[in-house]
Amino acid sequence: MNHPDYNSPAALKSFLAGAGMAVHKQFGQNFLINAKARARLVRALSLSAGMTVWEIGPGLGAMTECILKTGARLTVFEIDRGFAAALKEFFATEYTRGQLTVVTGDVLKTWHKEYARTGPPDCFFGNLPYNSAATLIASTIEHSVRFSRCVVTVQKEVAERLCAAVGTAAYSSLSILCQWAYSVRPVMDLAGGNFWPRPRVDSRAVVLTPRADFPRCKNPPLFMRLQRALFLSRRKNIRNNLTAFLGNGDAAARALTLAGIDPQLRPEAVPIETLLQLSDCLNDAIL
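Computed from a prediction, not measured in an experiment: that's the story for all the values here. (Residues numbered from 1 in each chain as written. Predicted model: local features only at pLDDT ≥ 70, side-chain atom pairs only at ≥ 80, totals over all residues. Heavy atoms only, no water.)

### Considering helix 4 (residues 81-90)
Filter applied, for reference: Only protein chains enter the area calculation, which uses a 1.4 Å probe; residues under 20% of their type maximum are buried, those over 50% are exposed, and those in between are partly exposed. Comment: elements are numbered from the N terminus, with helices defined as DSSP H or I runs of at least four residues and strands as E runs of at least two. Think of it as the arc spanned by the lines of direction from the helix axis to the C-beta atoms. Two residues qualify as a contact provided that any one of their heavy atoms is within 4.5 Å of a heavy atom in the partner residue. Pairs of N or O atoms within 3.5 Å make up the polar contacts considered here, provided that, within protein, one atom can donate a hydrogen while the other can accept it, and that residues adjacent in sequence are counted only when both atoms are side-chain atoms.
Residues of helix 4 that are buried include every one of Phe83, Ala84, Ala86, Leu87 and Phe90, and no others. What you see down the axis of helix 4 is that its buried residues fit within an arc of 160 degrees, all on one side. Buried residues along helix 4 sit against helix 1 (9-18), strand 1 (31-32), helix 3 (62-68), strand 3 (73-78), helix 5 (92-96) and strand 4 (100-104). The N-cap of helix 4, judged by a side-chain oxygen 2.9 Å from the amide nitrogen of glycine 82 a few residues on, is aspartate 80.

Written as structure tokens, this is what we have:
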């Protein structure tokens, strides 16, 4: 079976109708129909033959085709069973010889098993569904999994959170978690017209590369729990949120004093390095 013209909404729509398939909004299925953008995203991965890649949400394989042409070994995670079956037919040669592996199901539920089976790939890639992108990225970091290179396309609002600077409205627990583990920078913006069906929001691709100085704290699990707890209520100051986390106001006040943090600050005003210091103070003197 030949794949449809990935640049043509009409061809994609005709293929889906003929195959008895449809686009499912709940899966966040939007096909990138801009060939130049696809090529640029794959170049951002800096692939060479033999490297291993995980692709999330391959759809009908527009990006899959680009990645396989580099000679990389590719594992795709596809929630839509019809799409997964089509990928095996479109790339039958690569699938048969083991260059392509297709994992069917919700990636939030399947990636752990694949990781246990094969270990981490060199690269992580995908046009991530808007409703699960942040959860997926955070989940890998929280399970102590870092990739040598990640290139992901997400809703622009999510990308802004990934890259957000301290003190800005977008600075959040997700910002801290990602910037703790990775250096994050934007690759390109993609307006809705680059996709079919056209989404109502714009997208942004970002590249994440591991920080050499990771983890920069004595107790990473504690730091992850701490930074998440501090952002549970953005309207509260850091002392109130830390008190709720520790269950002890005196301990919270002492930890903030040891870390040199003004207890009246809100969490979004505190840099990552200072939060790491707070985590070490809790680890050494409080908990």
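Additional details are given in the paragraphs that follow.
### Comments concerning helix 13 (residues 272-286)
The condition that has to hold: In this scheme, a helix's expected span is set at 1.5 Å multiplied by one less than its residue total.
Under the 1.5 Å per step criterion, the end-to-end length of helix 13 is 20 Å for 15 residues, consistent within 8% with the ideal 21 Å. All of the buried residues along helix 13 are Ile272, Leu275, Leu276, Leu278, Ser279, Asp280, Cys281, Leu282 and Ile286. Where helix 13 is buried, its residues touch helix 9 (173-181), helix 10 (220-230), helix 11 (238-246) and helix 12 (249-259).

### Points about the side chain of serine 173
Looking at the element boundaries, serine 173 is found in helix 9. At 2.7 Å, the side chain of serine 173 and the side chain of glutamine 227 are in polar contact.

### Description of the sheet that holds strand 6 (residues 149-155)
Each strand in a sheet pairs with another by means of backbone hydrogen bonds, the pair being arranged parallel or else antiparallel. Test applied: DSSP-based pairing: two strands are paired if at least 2 bridges between them are found. To define axes, lines are fitted to C-alpha atoms, for helices over the stretch in contact only, and angles between the resulting N-to-C directions are given on a 0 to 180 degree scale.
What the seven strands build is an open sheet, ordered 4-3-2-5-6-9-7; its pairing is mixed. Looking at the sheet topology across the chains shown, the edges are occupied by strand 4 and strand 7 (182-190). Along the sheet, successive strands turn relative to each other by an average axial angle of 20 degrees, direction set aside. Here eight bridges tie strand 7 to strand 9 (residues 203-210), and the two strands are oriented antiparallel to one another. Among the inter-strand pairings, aspartate 189 is bridged to a residue of strand 9, identified as arginine 204.

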